[in-house]
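These are the residues of each chain, in order.
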Amino acid sequence: PLVLGIESSCDETGVGIVRGTTLLTNTVSSSMDEHVRFGGVIPEIASRAHLDAFVPTLQESLHEAGVTLDEIDAIAVTSGPGLAGALMVGVCAAKALAVATGKPLYAINHLVAHVGVGLLDRNPDGGTAAGGAAGLGEGGRLPDNLGALLVSGGHTEILRIRSITDDVELLGSTIDDAAGEAYDKVARILELGYPGGPAIDKLARQGNAKSIRFPRGLSQPKYMGTAEEPGPHRYDWSFSGLKTAVARCVEQFEARGEEVPVADIAAAFQEAVVDVISAKAVLACKENGITDVLLGGGVAANSRLRELTGQRCTSAGIRLHVPPLELCTDNGAMVAALGAQLIMAGIGPSGVAFAPDSSMPVTTVSVQADAG
Ligand code: ATP
Ligand code: MG
Ligand code: FE
C-alpha cells in the first residue's frame, strides 16, 4: 500500500511516503532553531511551527515522491505520546485530509513507529533522502526476539516487540528526565548552548571521562534486585540525580576559585549516561531472550553510545541495528512505515473520532475505531 505518514509530536514536522516497505520520501522541517534561546523545546512555539510548516512539508513530500493525494491508499498520523498541542496540529491535519479524500486514517503510536522504521528496505545506494533503513524486515518478517532502545529528548525506553502491529511491551524506561533532556540540561549548566547532545559529544572527546565519577541512577541493589527476584527498577533509568551531581560539581570548583574543567565534566557525564543506558538495555535483552535490538531517537547520534552499546551487545551475542540518523530522529516516514505494516496485517483504520493522547502507552500500537 501507498501510505502517507504525518509526525508532529515534538519539534519536527514530518511527512513521509512509503509503498509497502519501500521508502519514497521523508520530508522534515524542524523548529529547533526557535527553541535555542530557551534551551529546550517550548510547546506553544512548537505547535505554531507545525501549523506553519505542515502544508509546505506535505507539498514537498508529495512532489518528491511524484505521487498525488488521490493515489495514496491510507494516511497514518502520530497520535501519541508527545506534546499535546503539537500532536493536535498533526492529528487535525490528518483528519481533515482523511475526510476530504475519503482515505482510511490510522492513528499510531510514536514509539512503535520508531521501531517500524527498521522494517523499511535497505537501499543499496544509501545516503539519499530515500536512504536505507535497518532492513530488519528482510525476508518479509521481523526477527522473533526483537528489542528496541529508544533514546531521545523526550524518551528513554527499552521495548520488547513480539509483533510490531499488536504486541509491544515496555521493559523499562526513565522515571524522570529523558537522556537527551539530561544532555540539554547539563549543556546549559556548562554553558555549551542548545541542543546539548552534539556539543557535549564533541567536547567529551577532549576530556578525561575517568577524572570524575558521576552516579549511575537506579543501579543500587535495592533497585536492581536479581534476575530471579528483580528489584522495582531493574531496567529503569533516572537522570535527574546526575544533572544535580554535575551542577554541584561545577559549584565546588567555583567555590574553590578553580577553573571548571568543562571537557572533563562533559566526558564524565557522558560516560555515566552511556554506561547506565547500555548496561541496563543489554541486561534487559539478555534476561528476556532478545537477540536483535534496534537503536532509535536523536541520542542514537552519540558516538560513545553507539560504541559502548555495540561492544556490550557483541559480548552478549546480541545484534545491534542502527538506522541512518535521519530515520532515528523524529520523521514522517516511520509513521508511514508502521501504517503500511498495520494495513498489510489486516488491521482496520482508526476512524476520525479519536483524540491525541500525550501519554499513549506502547501497548497501544494503533487506535482501534471501535475502542474510541
Ligand atoms: P522525541 O523525544 O519525540 O523523539 P525530540 O525532538 O525530543 O523528540 P530528537 O529530535 O529525536 O528528540 O533528538 C533530540 C535530542 O537528541 C536532544 O535532546 C539532543 O541533545 C540529543 N542529541 C542529538 N545529538 C546528540 C549526540 N551526539 N549525543 C547526545 N545527544 C544528542
Ligand atoms: Mg526533535
Ligand atoms: Fe521520537
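My aim in this report is to walk through the structure given alongside it, one point at a time. Because the structure is a prediction, the values reported are computed rather than measured.

What follows covers the overall build of the chain. Per the secondary structure count, the chain includes 12 helices and 10 strands. In summary, the chain has a C-alpha radius of gyration of 21 Å against a globular reference of 21 Å for 372 residues, a match within 12%. Looking at the 372 residues of the chain, the share that counts as buried comes to 52%.

Let's shift gears to the pairing of strand β6 (residues 146-151). Among the 6 residues in β6, 6 count as buried, and that is most of the element. Of the two faces of β6, the one holding Leu 146, Ala 148 and Leu 150 and the one holding Gly 147, Leu 149 and Val 151 are both buried throughout. By the bridge criterion, 6 bridges tie β6 to strand β7 (residues 156-163) in an arrangement that is antiparallel. Following the sheet pairing, Leu 150 is matched in β7 by Glu 157. Here β6 folds back onto β7, and the loop between the two strands holds 4 residues. Bridge analysis of β6 against strand β9 (residues 292-296) gives 5 bridges, and the strand direction is parallel. By the bridge assignment, Gly 147 is partnered in β9 with Val 293.

Here we come to the environment of Leu 119. Secondary-structure assignment places Leu 119 in the loop between α4 (110-116) and β6. Under the C-beta neighbour-count criterion, Leu 119 is labelled buried, with 24 such atoms within 10 Å. The spatial distance from the C-alpha of Leu 119 to the C-alpha of Thr 21 is 6.5 Å, given a sequence separation of 98 residues.

Here Ser 240 is to be found in helix α8 (residues 240-255). Separated by 62 residues in the primary sequence, Ser 240 and Ala 178 have C-alpha atoms spaced 8.9 Å apart. Residue contacts for Ser 240: discarding those within four places in its chain leaves Asp 176 and Asp 177.

All right, on to the sheet that holds β9 then. Read from one edge of the open sheet, 5 strands run β8-β7-β6-β9-β10, paired in mixed fashion. Unpaired on one side and paired on the other, β8 (167-173) and β10 (319-321) mark the two borders of the sheet. Averaged over all adjacent pairs, the angle separating strand axes in this sheet is 25°, with direction ignored. Summarising the sheet, β7 and β8 pair through 6 bridges and their orientation is antiparallel. Within the sheet, the bridge partner assigned to Glu 157 lies in β8 and is Ser 173. Lying on the sheet, helix α10 (residues 303-316) is in contact with β6, β9 and β10; it crosses β10 at an angle near 155°.

All right, on to the nonpolar core then. Core analysis: the biggest nonpolar cluster contains 111 residues, and Val 18, Ala 76, Val 112, Phe 269, Val 293, Ala 336 and Ala 337 have the highest contact counts within it. Looking at this core element by element, the count peaks at 14 residues for helix α9 (residues 262-287). When residues no more than four places from it in sequence are discounted, the contact partners of Ala 336 are Val 3, Leu 4, Gly 5, Gly 16, Ile 17, Val 18 and Ala 76.

Taken together, 24 residues lie near ligand 1, and Gly 153, Gly 154, Gly 180, Gly 197 and Gly 298 sit nearest. Listed by contribution, the elements that provide at least two residues to the shell around ligand 1 are α5 (179-189) and α6 (196-204).

This brings us to unusual backbone geometry. At the junction of Gly 80 and Pro 81, the peptide bond is cis and its omega measures out at -10° in the coordinates. The residue after Tyr 194, namely Pro 195, is reached through a cis peptide bond having omega -5°. Structurally, Pro 195 is set in the loop between α5 and α6. Positive phi outside glycine occurs at Glu 191, with the angle close to 55°. Take Glu 191: it is sitting in the loop between α5 and α6. A positive phi is found at Leu 218, a non-glycine position, where the angle reads about 55°. As for its position among the elements, Leu 218 is in the loop between α6 and α7 (221-224). Exposure remark for Leu 218: the 24 C-beta atoms within 10 Å place this residue in the buried category.

Strand order in this open sheet of 5 strands is β3-β2-β1-β4-β5, and the pairing throughout is mixed. Each edge of the open sheet carries a strand with a single partner, namely β3 (22-30) and β5 (105-109). Recorded for the sheet is a direction-independent mean angle of 20° between the axes of neighbouring strands. Packing of helix α3 (residues 84-101) onto the sheet brings it into contact with β1 (2-7), β4 (74-80) and β5, and relative to β4 it is tilted by some 155°.

So, how was this worked out
- Within each chain, residues carry numbers counting from 1 in the order of the written sequence.
- Going through the entries in the order they are written, you letter the chains from A and number the ligands from 1.
- For a predicted model such as this one, the threshold for reporting local features is a pLDDT of at least 70, and the threshold for listing and counting side-chain atom pairs is 80 or more; totals across whole chains, interfaces and linings nevertheless cover every residue.
- Here a helix means four or more residues in a row that DSSP labels H or I, a strand means two or more in a row labelled E, and each is numbered from the N terminus.
- This radius of gyration counts C-alpha atoms alone. The globule rule is 2.2 Å times how many residues there are, raised to the power 0.38.
- Whether a residue is buried, exposed or partly exposed follows from its count of other C-beta atoms within 10 Å of its own C-beta, namely 20 or more, 12 or fewer, or something in between, respectively; the C-beta atoms are built from the backbone.
- Strand pairing requires that DSSP identify at least two bridges connecting the strands.
- We call two residues in contact when their backbone-placed C-beta atoms lie within 7 Å.
- Axis lines are fitted through C-alpha atoms, for helices just across the contact stretch, and the angle between N-to-C directions can take any value from 0 to 180 degrees.
- Working definition: the nonpolar core is a set of buried Ala, Val, Leu, Ile, Met, Phe, Trp, Tyr and Cys residues, joined through C-beta atoms within 7 Å.
- Any residue qualifies as near a molecule or strand once its backbone-derived C-beta atom lies within 6 Å of it.

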